[in-house]
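For reference, the chains in residue letters:
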Amino acid sequence: WVEALLQSGEPLQALQACDRILAGNADDEPALRHKADALVLLERADEALIPLERQAIILKARLDKARQGAAAKKQQGSSRSVMEVEDGGGAERAAKLALADCYNNRGLVLRCAGQPDAAEAALRAAIQLADNNLPEASYNLSLFLWGENRRMDAATHWMAARGFARDSSPEECRALRNEALSALQSEGRRGAAES
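Residues numbered from 1 in each chain as written. Predicted model: local features only at pLDDT ≥ 70, side-chain atom pairs only at ≥ 80, totals over all residues. Heavy atoms only, no water.

J.: Where do I start with the pattern of salt bridges in this structure?
T.: For the coordinates displayed, the defined rule picks out eleven salt bridges. Here Lys35 makes a salt bridge to Asp19, at a shortest N to O gap of 2.8 Å. Placement of the pair is Lys35 in helix α3 (residues 29-41) and Asp19 in helix α2 (residues 11-24), with a sequence separation of 16 residues. Asp19 sits in the partly exposed class, given a relative accessible area of 34%. Between Arg124 and Glu120 there is a salt bridge whose closest N-O contact spans 3.0 Å. Of this pair, Arg124 and Glu120 both sit in helix α7 (residues 116-129), separated by four residues, roughly a single helical turn. Overall, the relative accessible area of 14% leaves Glu120 in the buried class. (Salt bridge = Lys/Arg side-chain N within 4 Å of Asp/Glu carboxyl O. Helix = DSSP H or I, 4+ residues; strand = E, 2+ residues; numbered from the N terminus. Buried < 20%, exposed > 50% of the residue type's maximum accessible area, 1.4 Å probe, protein only.)

J.: Can you walk me through the packing of aromatic side chains in this structure?
T.: With the rule as written, the count across this model stands at one aromatic pair. With centroids separated by 5.8 Å and ring planes inclined at 70 degrees, the aromatic side chains of Tyr139 and Trp158 adopt a geometry described as edge-to-face. Of this pair, Tyr139 sits in helix α8 (residues 135-147) while Trp158 sits in helix α9 (residues 151-161), and the two are 19 residues apart along the sequence. Under the relative-accessibility criterion, Tyr139 is labelled partly exposed at 41%. (Phe/Tyr/Trp six-rings, centres within 6.5 Å; stacked < 30°, edge-to-face > 60°.)

J.: Just to check I follow, could you spell out the side chain of Asn104 for this structure?
T.: Mapped onto the elements, Asn104 comes out in helix α6 (residues 91-112). Other than its neighbours up to four places away in sequence, Asn104 contacts Leu123, Ala126, Leu134, Glu136, Ala137 and Asn140. (Contact = heavy atoms within 4.5 Å.)

J.: Just checking my understanding: could you explain a nonpolar patch on the surface for this structure?
T.: A grouping of Met152, Leu181 and Leu184 is seen on the molecular surface, where their side chains present a nonpolar patch of about 290 Å² in accessible area. On the basis of relative accessible area, Leu184 is assigned to the exposed category, the value being 59%. (Patch = residues over 30% accessible without salt bridge, like charges linked within 9 Å, V, L, I, M, F, W, Y side chains within 5 Å. Areas by Shrake-Rupley, 256 points an atom, 1.4 Å probe, with all protein chains shown as cover.)

J.: Before we go on, may I ask you to explain the environment of Ala66 in this structure?
T.: The residue Ala66 is located in helix α4 (residues 45-75) in this model. Along the chain, Ala66 and Ala91 lie 25 residues apart, while their C-alpha atoms are 5.7 Å from each other. Residues in contact with Ala66, not counting those within four places in the same chain, are Ala91 and Glu92.

J.: I keep staring at the packing of α7 against α8 and nothing clicks. Help me out?
T.: Running from N to C, α7 and α8 point in directions that differ by 155 degrees, and their axes come no closer than 9 Å. In terms of their interaxial angle, α7 and α8 are classed as roughly antiparallel. Every pair of crossing elements has a handedness; the one defined by α7 and α8 is left-handed. Residues Pro116, Ala119, Glu120, Leu123, Arg124, Ala126 and Ile127 of α7 form the contact with α8, whose participating residues are Ala137, Ser138, Asn140, Leu141, Phe144 and Leu145. Classifying every residue of the contact of α7 with α8 gives nine nonpolar, two polar and two charged. (Axes fitted to C-alpha atoms, helices over the stretch in contact; angles between N-to-C directions. Parallel < 35°, antiparallel > 145°, perpendicular 65-115°, else oblique. Left-handed = near helix turned anticlockwise from the far one by under 90°. Nonpolar A, V, L, I, M, F, W, Y, C, P; charged D, E, K, R; others polar.)

Below you can see the structure in the form of structure tokens.
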């Protein structure tokens, strides 16, 4: 119901509801996330970083626990497949994606709070942690780079994230782009000379 308050334009009431929930359970991860959302909507981005940091601590602990469980099962010689053992039956993957989503949100809030370097680092951490399985983080990083007037970096990142030059790093994509631009310029000069 906190989401309903946020979606209906009632961030102050949502914040109050989150505070009541957190008074009973300071580690309620959804309430922490929604509290940050409410604070951003109330234009209090600096304050929104506090619940996001607490959420990150909780999610890091969840990820560590999932990794420990997977390692223990692997050591016990579980009869499950290697894939199931490595990802803890999905627990590690889910924890990584939840933490990546938290970093993505943190990146957006840091941008709102006027901390562009930290915002970019958080967005890149989200993408790396999610193994490029969080498209909104790639989208947000592309928008961030565009807004920082780093438009070629934004376009290169976005195209790589969408699967163009799938096995290429952003640096390799940039090199390919430069090569293509040089070829086009050479063609243009050759065409002009022939005319």
